[in-house]
Amino acid sequence: MTEIIVVTSGKGGVGKTTTSASLACGLARTGKKVAVIDFDIGLRNLDLIMGCERRVVYDFVNVINGDCTLKQALIKDKRIETLHVLAASQTRDKDALTAEGVRKVLDELIAEGFDYILCDSPAGIEKGAHLAMYYADRAVVVVNPEVSSVRDSDRILGLLASKTERAEKGNGGVKEHLLLTRYSPRRVAAGEMLSITDVKEILGLDVIGVIPESPEVLSASNAGTPVILNEGTDVSEAYGDAVARLLGEERPLRFIDEAKKGFFTRMFGG
């Protein structure tokens, strides 16, 4: 049975597209057939992070409008056999999306046997974000551990609880997960950043992943490689843990404590 997962947040720049790309890759590496859709009409960043921007011929809006078939628009990832990308349009605006059009594309993906469909939502509460979450079964709410990001995500939780198809039909609502990005134990200890406990208490959600603050994220994005594929890095392992939890595994949270200084560092500084 196909599961539709929206990756969303209230605030821009928190790492939604990075998260969408990494979760999609992680799920596909387990052998699942995965499609990831860019709902950010007019901007289109997912294909850049996935490293397939030069291969975009048709996009999400083209499929909705009947300008091409879904198979023509889906871009097959060169690294993972079971992963496909559906890019957003750069030349249209958010009004090009309709509930009926989105439903049509999702139904076609389901008919093609996809196990997971990830919807990379634009930030905020406008039309594109609403349509990205409307048909979701689950939501990954991406939050930076700062007050403005947490406050804005609280509004998203309100929409997930009331403005989705599941909420309207009384089907138990969308299952919500919290993913913290750019987490720095040092800054938390210094009082410059909210702790995991603080964010959990404010939003009332369990944490599915904590992604450490790292320059690896930017360098991977610039290289067109989802950061989960940068094997051996803390960020890659943290996203790998989040994927495992999405699939039902229990794993302890890592990268959440400040590294202890060694003897010589304590003695001589640094």
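First, a word on scope: everything that follows refers to the structure included in this document. (Residues numbered from 1 in each chain as written. Predicted model: local features only at pLDDT ≥ 70, side-chain atom pairs only at ≥ 80, totals over all residues. Heavy atoms only, no water.)

## Comments concerning the overall build of the protein
Stage number 1. When you go through the protein residue by residue, the secondary structure sums to 13 helices and eight strands.
Stage number 2. By principal-axis analysis of the C-alpha atoms, the protein measures approximately 70 × 40 × 35 Å.
Stage number 3. Going through the 270 residues of the protein one by one, you find that 51% of them count as buried.
Stage number 4. The long-range share in the protein, meaning contacts at least 24 apart out of those at least 6 apart in sequence, stands at 74%.
Stage number 5. Between the mean site of the 34 positive side-chain charges and the mean site of the 39 negative ones, the protein shows a separation of 2 Å. (Helix = DSSP H or I, 4+ residues; strand = E, 2+ residues; numbered from the N terminus. Buried < 20%, exposed > 50% of the residue type's maximum accessible area, 1.4 Å probe, protein only. Contact = heavy atoms within 4.5 Å. Lys, Arg positive; Asp, Glu negative; His and termini not counted. Charge placed at Lys NZ, Arg CZ, Asp CG, Glu CD.)

## Looking at helix α7 (residues 147-162)
Stage number 1. Compared with the 22 Å implied by 1.5 Å per residue over 16 residues, the 23 Å span of α7 between its first and last C-alpha is a close match.
Stage number 2. Residues of α7 that are buried include every one of S149, V150, D152, S153, I156, L157, L159 and L160, and no others. Along the axis of α7, the buried positions cluster into a sector of 165 degrees, meaning they face one direction only. In α7, those exposed residues whose orientation departs by more than 90 degrees from the buried face are V147, R151, R155 and A161.
Stage number 3. Residues of α7 that are buried make contact with β1 (3-8), α6 (127-134), β6 (138-143), α8 (165-169), β7 (175-183) and α10 (196-203). (Expected span 1.5 Å × (residues − 1). Arc of directions from axis to C-beta.)

## Concerning the pairing of strand β2 (residues 34-38)
Two faces belong to every sheet, and in a regular strand the side chains alternate between them.
Stage number 1. With five of five residues buried, β2 is to be regarded as a mostly interior element.
Stage number 2. Residues V34, V36 and D38 line one face of β2 and the alternating positions A35 and I37 line the opposite face, and both faces are buried.
Stage number 3. Across four bridges, the pairing between β2 and strand β4 (residues 83-86) is parallel. Each bridged residue has a counterpart across the sheet, and for I37 the counterpart in β4 is L86.
Stage number 4. Pairing between β2 and strand β5 (residues 116-120): five bridges, direction parallel. Of the residues in β5, the one forming a bridge with V34 is Y116. (Pairing = 2+ DSSP bridges.)

## Let's talk about unusual backbone geometry
Stage number 1. One non-glycine residue with positive phi stands out, namely R182, at about 55 degrees.
Stage number 2. One can find R182 in strand β7.
Stage number 3. Of note, F255 is a non-glycine position whose phi angle comes to about 60 degrees, a positive value.
Stage number 4. On the secondary structure map, F255 appears in the loop between α12 (234-246) and α13 (263-268).

## Examining the state of the cysteines
Stage number 1. Within this structure, the stated rule accounts for zero disulfides.
Stage number 2. This cysteine, C25, is not joined by any disulfide, and C52 carries the nearest cysteine sulfur, 10 Å off.
Stage number 3. By relative accessible area, which is 4% here, C52 ends up buried. (Disulfide = S-S within 2.5 Å.)

## A few points about the packing of helix α1 (residues 16-29) against α12
When two helices pack together, their arrangement is given by the angle between the helix axes and the distance between those axes.
Stage number 1. Contact geometry of α1 with α12 gives a least axis separation of 9 Å together with a crossing angle of 65 degrees. For the crossing formed where α1 meets α12, the hand is right-handed. Facing α1, whose interface residues are T18, T19, S22, L23, G26 and L27, α12 presents Y239, A242, V243 and L246.
Stage number 2. A per-class count over the contact of α1 with α12 returns six nonpolar, four polar and no charged. (Axes fitted to C-alpha atoms, helices over the stretch in contact; angles between N-to-C directions. Left-handed = near helix turned anticlockwise from the far one by under 90°. Nonpolar A, V, L, I, M, F, W, Y, C, P; charged D, E, K, R; others polar.)

## Focus: the sheet that holds strand β8 (residues 207-212)
Stage number 1. Ordered by their spatial adjacency, eight strands build an open sheet running β3-β4-β2-β5-β1-β6-β7-β8, and the pairing between neighbours is mixed. The strands lining the two open edges of the sheet, one partner per strand, are β3 (75-76) and β8.

## Focus: the side chain of T181
Stage number 1. Of note, T181 is situated in strand β7.
Stage number 2. A distance of 2.6 Å separates the side chain of T181 from the side chain of N144, its partner in a polar contact.
Stage number 3. If sequence neighbours within four positions are ignored, T181 has contacts with V14, T19, V142, V143, N144, P145, I211 and Y239. (Polar contact = N/O pair within 3.5 Å; in protein donor to acceptor, adjacent residues only side chain to side chain.)

## Things to note about the pattern of salt bridges
Stage number 1. Under the counting rule described, the total for this entry stands at 17 salt bridges.
Stage number 2. Residues K76 and E81 are paired through a salt bridge, measuring 2.8 Å at the closest nitrogen-oxygen approach.
Stage number 3. Classification of E81 as exposed rests on a relative accessible area of 57%.
Stage number 4. Among the salt bridges present, the one from D152 reaches R151, with a minimum N-O distance of 3.7 Å.
Stage number 5. Its relative accessible area of 18% is what places D152 among the buried residues.
Stage number 6. On the accessibility criterion, R151 (55% relative accessible area) is exposed.
Stage number 7. Connected via shared salt-bridge partners are E237, D241, E249, R251 and R254. (Salt bridge = Lys/Arg side-chain N within 4 Å of Asp/Glu carboxyl O.)

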